[in-house]
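# A look at the structure
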Amino acid sequence: MLKAKLFQANPNPLQLNIECVSGELHALVGPSGSGKTTALRTIAGLNHAETGKIECDGQLWFEANEVNGVATSLKPAERSCGFLFQQYALFPHLRALENVCIPLYNNFKSLSERRSLAQQWLVRMGIGELAQRLPNQLSGGQQQRVALARALARSPKILLLDEPFSAIDAPTRQGLYKTLAELRKDLNIPILLVTHDLREADLLADRITVIDQGVGLQTAPPQVLFDRPRNSRVAELVGISNKFEGIFSAGKLSWNGNQRIFDVADKGKIPPNTPVAWVIPADGLSLHNEASANTLNASVEQISTLGQIAVIQLRTVEGNHAITWEASAAEVKRLSLEVGKNTYLEIDGSKIHIMPLRPINDPRRFTN
Amino acid sequence: MDIEALLLSLKLALWTLVLILPFGVWVAHSLQSMGKCRSWLEASLALPLVLPPTVLGYYLLVGLGGKTILGIPLVFSFTGILIASLIVNLPFAIQPIQRAFEAINPEILEAAQVSGLSQWQIFRLIELPLAWRGITSAAVLTFAHTLGEFGVILMVGGAIPGETKTVSISIYDKVQSFDTSGAGVLSLILLGTSLIAIALSYGIFGGNPDNTKKWRS
């Protein structure tokens, strides 16, 4: 299990608390420059936090506080972590097999033993026949497999993946996803994945930590993150399109002044008359051809069909809000939707998730 | 043909190479991790490039002329011209190696660190092989430059046959005594040696990666 509590003010701010159990794939997601890679490098010992603590598999790797400074700081070589670099970082003068031999250098004195073990790892990665190739004779995907074999060769206690799929074409990426999924079952070590691709994190990770400006905003399983983002910034970062603002008071959410009022469940922590952000997942929206008491008048602005899925952009008459709705092509046909047509939108209040306008650690989060 | 001068030049070039290359590798590698004083040190090491050979020769003559650390004057001796040659060749030996170390992607060195290698192992298994072309280039430049060195050697060593009279000085002597054919032969030999050295250097640069030295990992 990995426990990392990191803090630094300069040069890039970092304020992060990560726990990753054995066998878990934990994704760190955030925009470019948000501090994801810094966090990963700090865990590996390539960067140093000002204060904090890193423990892995019961061993203390780093500890520093404001009073005593750095008490413990193991070198990267002593931390037993497999690190997969974004640009592979293979040793260009060594063949694939020799690259994988490098991490075994201090563990196995016999060259034949090192070579045999390295060959086994290459076979496991499906590139056994490429053992004698130099890195510049391998494709991007093959290089990444060699790099993964090298990262795992000395049986690390944690695997750190720094945007490992960003420089690879889509079909190769699918193959690597499969390899990673298979490895996870066998390895049973914590795996930290840094990515800016939410779909990738959603597909691979058990839990996601959203990072912004070095601060961990929320850690949750993907579905929870998409359905119940902790605050407005998280909702923005995870790409929730239907995000609005309203006033919340005693279980009632007012939208568009007081024109719409929804009954919304909360934990009783929000003071009365508080401006809040709220989101509604796709399954909380429905369209109708006829008006009813709970529907809003909206016009269709754009229909984008992608195979059997259609993305419909709507504009409400009340409040002039833009709303995105996803439906099957059959549903679009049933409703006879076309650009410019007026339709009736129903919002299911029970699916609404409300959140503070500011991050959770900001004391002004419930004030505007 | 002055075989004695030719052999002396070769001896001087080989000794210079043997002594300066390990030092050059050490200095070039150490410069990577130096902080504020790095620019000053780099400038000092490059000084022989711009300093007139007579100026450098004069200071060496003064410095090595009296009682030295070894207890004897070193001017007008092979040891004296070897010391002069080492100083003159510092930039030729250090700069190509330094550029080669600088060209290594830092991420590769980080990959070596997280692979569990010690600093010495990283140097031996990763940095040295990757800087090999820079080291070869430094060796070729130093060798060719030592063979042709004239001003400083003349100032520090004079022209004692078999002790300090190198090929370049022998060519000068022959021209002074109107032995143009003798000077021509030696000049041709120096020209040929320099051409071979440069061709060798370019041959290594132009080679495919399979020609790189084989390192056991």
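Below is a short write-up of the structure. Just so you know, these numbers come straight off a predicted model, no measurement behind them. (Residues numbered from 1 in each chain as written. Chains lettered and ligands numbered in written order. Predicted model: local features only at pLDDT ≥ 70, side-chain atom pairs only at ≥ 80, totals over all residues.)

Across its full length, chain A holds nine helices and 21 strands. Along the three orthogonal principal directions, the C-alpha set of chain A runs to about 80 × 55 × 30 Å. Within chain A, buried positions represent 38% of all 368 residues. Sequence separation of at least 24 residues holds for 64% of the intrachain contacts in chain A that already meet a minimum separation of 6. (Helix = DSSP H or I, 4+ residues; strand = E, 2+ residues; numbered from the N terminus. Buried ≥ 20, exposed ≤ 12 C-beta atoms within 10 Å, placed from the backbone. Contact = placed C-beta atoms within 7 Å.)

Residues and elements named next belong to chain A. Inspection of the secondary structure puts Ile158 in strand E8 (residues 158-162). The spacing of Ile158 and Pro76 is 82 residues in sequence and 12 Å in space, taken between C-alpha atoms. Ile158 has contacts with Leu2, Cys56, Cys81, Ile189, Pro190 and Leu192, leaving out every residue within four places of it along the chain.

Moving on to the packing of helix H1 (residues 3-32) of chain B against helix H8 (residues 132-148) of chain B. Helix packing for two helices is described by the angle between their axes and how far apart those axes are. Residue and element names in this part refer to chain B. Two elements in contact, H1 and H8, have axes whose closest approach is 9 Å; the angle formed by their N-to-C orientations is 145°. With respect to the hand of their crossing, H1 and H8 are arranged in right-handed fashion. Contacts between H1 and H8 involve Ser9, Leu12, Ala13, Thr16, Leu17, Ile20, Leu21, Gly24 and Val25 on the former and, on the latter, Ile135, Ala138, Ala139, Thr142, Phe143, Thr146 and Leu147. Along the lines of polarity and charge, the residues of the contact of H1 with H8 split into 11 nonpolar, five polar and no charged. (Axes fitted to C-alpha atoms, helices over the stretch in contact; angles between N-to-C directions. Left-handed = near helix turned anticlockwise from the far one by under 90°. Nonpolar A, V, L, I, M, F, W, Y, C, P; charged D, E, K, R; others polar.)

Glancing now at helix H3 (residues 111-124) of chain A. Residue and element names in this part refer to chain A. A rise of 1.5 Å per residue sets the reference length of H3, with its 14 residues, at 20 Å; its end C-alpha atoms lie 20 Å apart and thus fit the reference within 8%. Within H3, burial applies to Arg114, Ala118, Trp121 and Leu122. Around the axis of H3, the buried residues are gathered within 100° of arc, so they sit on the same side. Where H3 is buried, its residues contact helix H2 (96-101) and helix H4 (140-152). Phi for Gly126, located one or two positions after H3, is positive at around 80°. (Expected span 1.5 Å × (residues − 1). Arc of directions from axis to C-beta.)

With that settled, consider the environment of A:Leu94. Note on placement: A:Leu94 falls in the loop between strand E7 (81-84) and H2. Measuring from C-alpha to C-alpha, the distance between A:Leu94 and A:Gln132 comes to 9.0 Å, with 38 residues separating the pair along the chain.

The next thing to look at is the nonpolar core. Counting residues in each nonpolar core, the largest one holds 143 residues, and the members touching the most others are A:Val100 and A:Leu160. Leaving out residues up to four positions away in the same chain, A:Val100 has contacts with A:Ala118, A:Trp121, A:Leu122, A:Val146, A:Ala149, A:Arg150 and A:Ala153. (Core = buried A, V, L, I, M, F, W, Y, C linked by C-beta atoms within 7 Å.)

This next bit is on unusual backbone geometry. Going from A:Asn10 to A:Pro11, the amide bond is cis rather than trans, its omega being -5°. Positive phi outside glycine occurs at A:Ser155, with the angle close to 45°. Backbone geometry at B:Phe178 places phi at a positive 60°, although glycine is not the residue there. Within the element layout of this structure, B:Phe178 appears in the loop between helix H10 (167-176) and helix H11 (180-206). According to the C-beta neighbour criterion, B:Phe178 is exposed, with 9 such atoms within 10 Å.

On to the interface of chain B and chain A. On the chain A side, the residues contacting the 20 residues of chain B number 23 residues. Looking at the side of chain B that touches chain A, the element that brings in the most residues is helix H6 (residues 106-114) of chain B, giving seven residues.

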